[in-house]
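Architecture at a glance
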Amino acid sequence: MENQELLRLKQENERLKLLVHEYEQVIIDISAPIIPSILPETILVPITGKLVPERFENIIAKLLKYASTESITTVVIDFSAISLNEIGDIDTFGHYIDNMTKALNLVGVNVLYCGFSSAITQNLISSGLTTSHELRTFMTFKKALQYLMKTKGMAFAAGDEETAKV
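As a starting point, this report considers the structure included with it. Position numbers for residues count from 1 along each chain, tracking the sequence in the order it is written. For a predicted model such as this one, the threshold for reporting local features is a pLDDT of at least 70, and the threshold for listing and counting side-chain atom pairs is 80 or more; totals across whole chains, interfaces and linings nevertheless cover every residue. Note that water and hydrogens are dropped before the side-chain values are worked out from all heavy atoms of the structure.

Quick word on the packing of aromatic side chains
The pairing test for Phe, Tyr and Trp rings, Trp by its six-membered ring, is centres within 6.5 Å, and the orientation test on the planes gives stacked under 30 degrees, edge-to-face over 60, and tilted for anything in between. Here the structure, examined in full by the defined rule, presents 8 aromatic pairs. Pairing F79 with F93 gives two aromatic rings, centres 5.5 Å apart and planes at 85 degrees, and the pair type is edge-to-face. Of this pair, F79 sits in the loop between strand 3 (74–78) and helix 3 (84–87) while F93 is found in helix 4 (residues 90–106), placing the two residues 14 residues apart along the sequence. Relative accessible area serves as the criterion here: at 1%, F79 is assigned to the buried category. Each residue's exposure class comes from its accessible area (1.4 Å probe, protein chains only) as a fraction of the maximum for that residue type: buried when under 20%, exposed when over 50%, partly exposed otherwise. Overall, F93 belongs to the buried group, its relative accessible area being 1%. Between the aromatic rings of F93 and F116, the centroid separation amounts to 6.2 Å while the plane-to-plane angle is 80 degrees, which identifies the pairing as edge-to-face. In this pair, F93 is assigned in helix 4 and F116 in the loop between strand 4 (110–114) and helix 5 (118–126), connecting sequence segments 23 residues apart. Just as F93 is buried, F116 falls in that class too. What counts as a helix is a DSSP run of H or I of at least four residues, what counts as a strand is a run of E of at least two, and both are numbered from the N terminus.

Points about the nonpolar core
Residues belong to one nonpolar core when they are buried, are Ala, Val, Leu, Ile, Met, Phe, Trp, Tyr or Cys, and are joined through side-chain atoms within 4.5 Å. Counting residues in each nonpolar core, the largest one holds 30 residues, and the members touching the most others are I77, F79, F93 and M100. Broken down by secondary-structure element, the contributors of at least two residues to this core are strand 2 (42–46), helix 2 (53–69), strand 3, helix 4, strand 4 and helix 5. The leading source of residues in this core is helix 4, at 7 residues. Residues within four places of M100 in sequence aside, it is in contact with F56, I59, I60, L63, I77, V111 and Y113. Counting residues in hydrophobic clusters, the runner-up holds 10 residues, among them L44, L112, C114 and F138. Whether two residues touch is decided by their heavy atoms; if any such pair falls within 4.5 Å, the residues are in contact.

This is the structure:
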């Protein structure tokens, strides 16, 4: 009887380990959602929640994998939903911003950042971020898209008056 109970508990333990692994994978997948932009070859990656080194490593790996399988030239990473409290150690944050930029640049992807609050910006500069002068940053996603459209020679076409009224 004891052996059967022990076997049942081991099987249950294995089942739960698999379930935890599946849930961890879901968390990794949603930790950096990739949203196709209205601009060709451009994606948006909105970042929310607590930023820890493991999460940054997952985000970088996910973006590199995506860049190698899809035809993208630009990624816009949006930190609008991130506060100073969610960043944790500012030096680590600066290190990962630097790594993310360099890694994506090495595979031919331009990186634009948007949504850094003034508090985050001040802390990043004081952290000694070495590539701060090389970063392309914008206050909002809209501003980043406007910049991209201008550099690509694109413009929104206004619809006819009937459409505009609806």
